[in-house]
Amino acid sequence: MKSCEKFISLDSNYFVYLPSAVAQKTFFYPICTGEFIYEPGYMLKRDAYDSFLLMYIQKGQLTLEYENKKTTVTEGNFVLLDCYRPHVYYSDTGWESLWFHFDGPAARAHYELITSQLGQVFSLSKPYLVLDKMTALYRTFLYGERIKEPLLSKMITDILTALLLYTASSPAAVNYANIMEEIVSYIHEHYTEDISIQQLADRAMLSQYHFIRVFKRETCFTPHEYIRNIRISTAKYMLKTTHMSVKDICFSTGFSNVSVFCTAFKKKTGLTPAEYRNSVSAL
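The structure contained in this document is the topic of the report that follows. (Residues numbered from 1 in each chain as written. Predicted model: local features only at pLDDT ≥ 70, side-chain atom pairs only at ≥ 80, totals over all residues. Heavy atoms only, no water.)

1. Here we look at the pairing of strand β3 (residues 43-46)
Covered by surrounding structure in β3 are Leu44 and Arg46 only, the residues Met43 and Lys45 on the alternate face being uncovered. Judged from the four bridges that link them, β3 and strand β7 (residues 87-90) form a sheet pairing that is antiparallel. For Met43, the partnering residue across the bridge sits in β7 and is Tyr90. (Buried < 20%, exposed > 50% of the residue type's maximum accessible area, 1.4 Å probe, protein only. Helix = DSSP H or I, 4+ residues; strand = E, 2+ residues; numbered from the N terminus. Pairing = 2+ DSSP bridges.)

2. A word on the pattern of salt bridges
A side chain of one charge can pair with a side chain of the opposite charge when the charged atoms of the two come close. The final tally for this structure, using the stated rule, is seven salt bridges. With a shortest N-O distance of 3.5 Å, Asp158 and Lys133 are connected by a salt bridge. Here the residue Asp158 occupies a position in helix α4 (residues 149-169), and Lys133 occupies one in helix α3 (residues 128-142), the gap between them amounting to 25 residues. With a relative accessible area of 23%, Asp158 lands in the partly exposed category. (Salt bridge = Lys/Arg side-chain N within 4 Å of Asp/Glu carboxyl O.)

3. Remarks on the layout of surface pockets
Its boundaries defined by the atoms lining it, the largest pocket holds a volume of some 390 Å³. Among the residues making up the lining of the largest pocket, the classes are represented as six nonpolar, four polar and six charged. (1 Å grid on protein atoms, 1.4 Å probe; cavity = no way out; pocket = protein on both sides within 12 Å on 5 of 7 lines; lining within 4 Å. Points joined across faces, edges and corners; volume = space filled by probe spheres on them. Nonpolar A, V, L, I, M, F, W, Y, C, P; charged D, E, K, R; others polar.)

4. Thoughts on the pairing of strand β2 (residues 29-38)
Among the 10 residues that make up β2, eight are buried, leaving the element largely enclosed by the rest of the structure. The pairing of strand β1 (residues 13-16) with β2 spans four bridges and is antiparallel. Considered in β2, the bridge of Tyr14 is made with Gly34. Bridge count between β2 and strand β8 (residues 95-103): nine bridges; the pairing is antiparallel. What sits directly across from Pro30, in β8, is Phe102.

5. As for the environment of Thr135
Within the element layout of this structure, Thr135 appears in helix α3. Given the relative accessible area of 23%, Thr135 is considered partly exposed. Separated by 128 residues in sequence, Thr135 and Phe7 place their C-alpha atoms 23 Å apart.

6. Re the side chain of Arg277
Inspection of the secondary structure assignment puts Arg277 in helix α11 (residues 273-281). Buried charged residue Arg277 carries no salt bridge. Nearest counter-charge: Asp248, at 9.1 Å. There is a polar contact of 3.1 Å between the side chain of Arg277 and the backbone oxygen of Thr242. The residues touching Arg277, leaving out its near neighbours within four places in the chain, are Met238, Leu239, Thr242, His243, Met244 and Ile249. (Lys, Arg positive; Asp, Glu negative; His and termini not counted. Polar contact = N/O pair within 3.5 Å; in protein donor to acceptor, adjacent residues only side chain to side chain. Contact = heavy atoms within 4.5 Å.)

7. Description of the nonpolar core
Among the nonpolar cores identified, the biggest contains 51 residues, and Leu54, Met55, Phe78, Tyr89, Val130 and Met134 are the most heavily contacted of them. Among the elements that take part in this core, strand β4 (residues 52-66) stands out by supplying nine residues, more than any other. With sequence-adjacent residues up to four places away left out, Val130 is seen in contact with Leu54, Phe78, Leu124, Ile159, Ala162 and Leu163. Core analysis: the next-biggest nonpolar cluster, separate from the first, contains 19 residues, Tyr186, Ile187, Leu200 and Val214 among them. (Core = buried A, V, L, I, M, F, W, Y, C linked by side-chain atoms within 4.5 Å.)

This is the structure in structure tokens:
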């Protein structure tokens, strides 16, 4: 389909897709995809466009304004945007790009994980791993191929997975991942003991503030939440499978006193330990 937008070359193509109700609940799905030649003077300003955008700059450059930052994006860079938020991009010289808008139940989680490592604008040492799938997605519509929604979802999954693997392969990310794996193993071995956050930070050779940030980025939990969750998960197992008293389970899982244990347990499960044991026994 040819674009009617001002400052878009007639040699540009785009395709809009309406996903099925099943796809919207289950898969990643494209909203639209295209290969555009943006002429000098092009500008797009939107408060929102309900999707996420991945764009690869083939030639030229543009200026991106997003989250109160202005960034010059040049040839060879990718742009990954949350288009639910206000965004602006424009160019006085023009650019060419391959792009697609997408969404899905897990789209935001993938977006946040990727951009937490790469940012909204990034380059890849081996961009073809992503570009091959972006091109395949675009050509599915360009050549009028039969639409198979699980296959479209797989293409997008492969693209996002390649970006996630790239973030995990950078030296800094590998270093932090290895450190946090060791810390997590240490927690699992010593969660019944009185473990302080400072002790864990010292073990990771990081400041306490930096350690908490990195740990949460790698595990999605603060160190305190992670330790508490292990203790509660263990307590749930013991309540289901043993006849130990609540008091004994409390101390054997590392809680300092019964009151703290019961409060944390109810906050996490919605039940007191005794209620949880009774509910399980009734099944």
